[in-house]
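If you want the building blocks of each chain, they are given just below.
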Amino acid sequence: MFRRNGSTCVATFAVDEVRVLRKVAGEVVGLLTDGMDHTDPVVSRLFPDIYPDRPDDSEEFRLYTEGELKTGKIDQAGAILAALPDEGEGEVRLDGEAAEAWLRAINDARLAMGTRLDIQADTDLGAELDDAVLHDPGSSRVFQLSVYAYLGYLQESLLNALPEIE
């Protein structure tokens, strides 16, 4: 997947990978721009209460920080959309700043998907996927778990390709 080429991280994506990444990044942007509902567990996961035992303080903190955090998350997902080919396969070349934006956006996407899929820290993703395939190989859950696993693989490959900071 991603490999280092000098100070750049480079990957070539197939048509289906481009489609999936565009869809995932677009869904993150949509979630953050369609009137965020703080009762939505995904929104709560992306914007956790800073003071869980003090809701008023958390709300005040959110008042001053959420706009900038939300804009940053939208921009990071936008970095994925901007770097990918519009359609078809293609190569993506990321400098250090763009690679970091991709990493943050992938992390947000995985947090959102993991929340929707009820993935916990101790979830065995392979066993979860095997179970989903056994029960209904064509289900949306199989696809979603596969995308979640793919994003983890992509994230790891990008981390490994980042130039070392001296």
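Bear in mind the structure is a predicted one, so any value in this text is a computation, not a measurement. (Residues numbered from 1 in each chain as written. Predicted model: local features only at pLDDT ≥ 70, side-chain atom pairs only at ≥ 80, totals over all residues. Heavy atoms only, no water.)

1. Some words on the pattern of salt bridges
Close approach of charged atoms lets side chains of opposite charge pair.
Argument step 1. Summed over all chains, the structure comprises 12 salt bridges.
Argument step 2. Residue Arg-22 pairs with Asp-86 through a salt bridge whose shortest N-O separation is 3.6 Å. Here Arg-22 is found in helix 1 (residues 15–33), whereas its partner Asp-86 is found in the loop between helix 3 (55–83) and strand 3 (90–94), with 64 residues between them in sequence.
Argument step 3. Its relative accessible area of 22% is what places Arg-22 among the partly exposed residues. (Salt bridge = Lys/Arg side-chain N within 4 Å of Asp/Glu carboxyl O. Helix = DSSP H or I, 4+ residues; strand = E, 2+ residues; numbered from the N terminus. Buried < 20%, exposed > 50% of the residue type's maximum accessible area, 1.4 Å probe, protein only.)

2. Some remarks on unusual backbone geometry
Comment: phi is negative for the bulk of residues other than glycine, and the bulk of peptide bonds are trans.
Argument step 1. In this structure, Asp-118 takes a positive phi of about 60° despite not being glycine.
Argument step 2. By the secondary structure assignment, Asp-118 is in the loop between helix 4 (96–116) and helix 5 (125–135).
Argument step 3. On the basis of relative accessibility, which here comes to 53%, the residue Asp-118 falls in the exposed class.

3. Examining the side chain of Ser-139
Argument step 1. Along the chain, the position of Ser-139 falls in the loop between helix 5 and helix 6 (140–161).
Argument step 2. A polar side-chain atom of Ser-139 sits 3.2 Å from the main-chain amide nitrogen of Val-142. (Polar contact = N/O pair within 3.5 Å; in protein donor to acceptor, adjacent residues only side chain to side chain.)

4. Side note on the packing of helix 1 against helix 3
Argument step 1. Two elements in contact, helix 1 and helix 3, have axes whose closest approach is 9 Å; the angle formed by their N-to-C orientations is 160°. Judged by the angle between their axes, helix 1 and helix 3 are roughly antiparallel. Crossing geometry of helix 1 relative to helix 3 is assigned as left-handed. Contact with helix 1, carried on its side by Leu-21, Arg-22, Ala-25, Gly-26, Val-28, Val-29, Leu-32 and Thr-33, involves Lys-70, Lys-73, Ile-74, Ala-77, Ile-80 and Leu-81 of helix 3 and no other residues of that element.
Argument step 2. Considered class by class, the residues forming the contact of helix 1 with helix 3 number 9 nonpolar, 2 polar and 3 charged. (Axes fitted to C-alpha atoms, helices over the stretch in contact; angles between N-to-C directions. Parallel < 35°, antiparallel > 145°, perpendicular 65-115°, else oblique. Left-handed = near helix turned anticlockwise from the far one by under 90°. Contact = heavy atoms within 4.5 Å. Nonpolar A, V, L, I, M, F, W, Y, C, P; charged D, E, K, R; others polar.)

5. Focus on the sheet that holds strand 1 (residues 3–5)
Argument step 1. An order of 1-2-3 is seen for the 3 strands of this open sheet, with the pairing classed as antiparallel. Whereas interior strands pair on both sides, the edge strands pair on one side only; in this sheet they are strand 1 and strand 3. Adjacent strand axes in the sheet meet at a mean angle of 35°, parallel and antiparallel pairs treated alike.
Argument step 2. Helix 6 contacts strand 1, strand 2 (8–13) and strand 3 of the sheet and is inclined by roughly 150° relative to strand 2. (Pairing = 2+ DSSP bridges.)

6. Focus: the pairing of strand 2
Argument step 1. Taken across its 6 residues, strand 2 has 5 buried, putting it largely inside the fold.
Argument step 2. As defined by bridge partners, strand 1 adjoins strand 2 across 3 bridges and the pair is classed as antiparallel. By the bridge assignment for strand 2, Arg-4 is matched with Cys-9.
Argument step 3. In textbook terms, the turn of a hairpin is the stretch between consecutive antiparallel strands, and for strand 1 and strand 2 this stretch comprises 2 residues, one of which, Gly-6, has a positive phi near 70°.
Argument step 4. Note that strand 2 and strand 3 share 5 bridges and pair antiparallel. In the sheet register, Phe-13 faces strand 3, and the bridge partner there is Gly-90.

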